[in-house]
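# A closer look at the structure
As a plain string of letters, each chain reads:
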Amino acid sequence: MTLIRMGKGPNPLHGWQFDPEKARFVGHDLQRPECILAERDGTLWAADARGGVMKIVPGQGQELILQSVEAHFDLQADAAASLLGGTLPNGLAFAPNGDILIANFGTDRLERMTREGKTRVLCDSIDGQPMGKVNFVLTDSRGRIWLTVSTRTNPWNDALRPDLADGYIALMDERGPRIVADGFAFTNEIRFDEQEEWLYVAETARRRVTRLRVGADGSLSGREIYGPDSLGSGFIDGIAFDAYGNLWATMIFADRLIAITPQGDVLTLLEDGNPEGLARIEAAVAGGDAPPFDVLMKTGGKLCPWLASVTFGGPNLDQVYLGGLRANRIPVFASPVAGLPMAHWNA
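In this text, all values refer to a predicted model and were calculated from it rather than measured experimentally. All residue numbers refer to positions counted from 1 along the written sequence of the respective chain. Thresholds applied to this predicted model are a pLDDT of at least 70 for local features of residues and 80 or more for the giving and counting of side-chain atom pairs; totals over whole chains, interfaces and linings are not thresholded and use all residues. With hydrogens and water stripped out, all remaining heavy atoms of the structure feed into the side-chain values.

### Points about the nonpolar core
Applicable threshold: What we call a nonpolar core is a set of buried Ala, Val, Leu, Ile, Met, Phe, Trp, Tyr and Cys residues that are connected through their side-chain atoms within 4.5 Å. Only protein chains enter the area calculation, which uses a 1.4 Å probe; residues under 20% of their type maximum are buried, those over 50% are exposed, and those in between are partly exposed. Note on definitions: a residue-residue contact is assigned when non-hydrogen atoms from the two residues lie within 4.5 Å.
Grouped together as the largest cluster of nonpolar side chains are 35 residues, with contacts concentrated most on Trp-248, Leu-257, Leu-322 and Ile-330. Apart from residues lying up to four places away in sequence, Leu-322 is in contact with Ile-36, Leu-257, Leu-270, Leu-303, Cys-304, Leu-307, Ser-309, Val-310, Ile-330, Pro-331 and Phe-333. Counting residues in each nonpolar core, the second largest holds 26 residues, with Val-53, Ile-169, Ala-181 and Leu-199 among its members.

So, in structure tokens, the structure goes:
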């Protein structure tokens, strides 16, 4: 597929929606595949709640690579304990040498794991304080590590309130770890634009994307809302750019897949949620409260329950993979536009 340069020509997503009946599936018996990394050869790496990642190789099956065996994840026996505690590998990124950086939402730290499973802690505190709920990790073309912390509130679901903004973004470079921006309402995934001039931030509890200009020294400034102030039902979680400049986003609990165009309009690409469960969430949010966990558990669609992330992969970056907190396999479908290559793609 030919890469369409950012914003040139008609937008391939106008008038397009994904038909769930056309989905294929990758992987099986997965546990909480929240984040998915794709490599050029087709290999996928999915976060796994057993304490590591699942490596999925086309035509060769899958291999569970663990830091250490963790058996706490059992949605049928105890959903709250499974989703709120224990080791919870969440965001993933590749280090320059191919190691896997793991933002561990359960242990509240950034970890580094070799492809054989050997693990060490990269960071578990900043300025002498525990980091909080480490959510996502991203590397740039210079090899710097960017990290989001959603909240210092525990359990994390109590922070799904628009009036609580204790999330932040940290940077790790030759100067060590430091906070470079804070005051976010549940900081979630972050992405760079093509030139790494802006950093885009999913603010889950505010249901919006904000962006900040990136300085040469890693400083962030000029914060502004990108697109609508509210993206509608559900809570924004994962984001990814395509090569045209559309910012794809997952809306967890509503299980919606949307895209913000370069002009700031919102396109709905998929809706697969449970309207009755979602209505209970909306009622709680309207009252200024965080949705109780038992209310959250009554939401989710059939395709990828608790839709949390979107990843472009395949040889031409025109295959879309979806990750879900309650999913046990990964839906994949063809996109009308290729994804924007990430920093590791041509490494």
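Now that the structure has been shown, we can carry on.
### Thoughts on the pattern of salt bridges
For the record, the criterion: The term salt bridge refers to a pairing of a side-chain nitrogen on Lys or Arg with a carboxyl oxygen on Asp or Glu at a separation within 4 Å. Secondary structure elements follow DSSP: runs of H or I of four or more residues count as helices, runs of E of two or more count as strands, with numbering from the N terminus.
This model, assessed by the stated rule, comprises 15 salt bridges. Measuring nitrogen to oxygen at the nearest pair gives 3.0 Å for the salt bridge that ties Arg-208 to Glu-203. Its relative accessible area of 1% is what places Glu-203 among the buried residues. Asp-229 serves as the salt-bridge partner of Arg-208, at 3.2 Å between the closest nitrogen and oxygen. Of this pair, Arg-208 sits in strand 18 (residues 208–214) while Asp-229 sits in the loop between strand 19 (220–226) and strand 20 (235–241); the two residues are 21 residues apart in sequence, bridging distant segments of the chain. A relative accessible area of 10% means that Arg-208 is categorised as buried. One salt-bridge network, held together by shared partners, links Glu-203, Arg-206, Arg-208, Arg-223 and Asp-229.

### Things to note about the sheet that holds strand 26 (residues 330–334)
The condition is simple: We treat two strands as partners when DSSP finds at least two bridges between them. Here an axis means a line fitted to C-alpha atoms, over the contact stretch when the element is a helix, while the angle between two N-to-C directions is reported on a 0 to 180 degree scale.
The four strands lie next to each other as 1-26-25-24, forming an open sheet whose pairing is antiparallel. Taken across any chain shown, the strands that pair with only one partner, and hence form the sheet edges, are strand 1 (24–26) and strand 24 (307–313). Neighbour-to-neighbour, the strand axes of the sheet open up by a mean angle of 30°, direction not taken into account. Relative to strand 26, strand 25 (residues 319–324) is paired through three bridges, and the arrangement is antiparallel.

### Some points on unusual backbone geometry
Between Asn-154 and Pro-155 the backbone carries a cis peptide bond, its omega angle lying at 5°. Although it is not a glycine, Asp-255 sits at a positive phi angle of roughly 50°. Looking at the secondary structure, you find Asp-255 in the loop between strand 21 (247–252) and strand 22 (256–260). Residue classification places Asp-255 among the buried residues on the basis of a relative accessible area of 1%.

### Concerning the packing of aromatic side chains
The condition is simple: For Phe, Tyr and Trp, rings pair up if their centres lie within 6.5 Å, where Trp contributes its six-membered ring, and each pair is then called stacked (planes under 30 degrees apart), edge-to-face (over 60) or tilted (otherwise). Put simply, a charge is over a ring when the Lys NZ or the Arg CZ is close to the ring centre, within 6 Å, and near the line of the ring normal, within 35 degrees.
In total, this model carries 12 aromatic pairs according to the counting rule given. Here Trp-16 and Trp-248 contribute two aromatic rings whose centre-to-centre distance is 6.3 Å and whose plane-to-plane angle is 45°, an arrangement assigned as tilted. Of this pair, Trp-16 sits in the segment before strand 1 while Trp-248 is found in strand 21, placing the two residues 232 residues apart along the sequence. By relative accessible area, Trp-248 is classed as buried at 0%. Taken together, the ring pairs in this structure connect Trp-16, Phe-18, Trp-248, Phe-312 and Phe-333 into an aromatic cluster. In this structure, Arg-211 is placed above the aromatic ring of Trp-198, and the distance from its NZ or CZ to the ring centre is 3.8 Å. Over the face of the ring belonging to Trp-306 we find Arg-326, whose NZ or CZ atom lies 5.1 Å from the ring centre.

### Here we look at the sheet that holds strand 19
Reading across the sheet, the four strands line up as 16-17-18-19 and stay open at both edges, with antiparallel pairing between neighbours. Either end of the sheet is taken by a strand with one partner, and the two such strands are strand 16 (187–192) and strand 19. Neighbour-to-neighbour, the strand axes of the sheet open up by a mean angle of 25°, direction not taken into account. Where strand 16 lies against strand 17 (residues 198–203), four bridges are found, and the strand directions are antiparallel. Considered in strand 17, the bridge of Arg-191 is made with Tyr-200.

### Regarding the environment of Leu-88
Note on placement: Leu-88 falls in the loop between helix 1 (79–84) and strand 6 (89–94). Distance in space between the C-alpha atoms of Leu-88 and Val-320 is 23 Å, their sequence separation being 232 residues.

Don't take any of this as a statement about function, it's just geometry.
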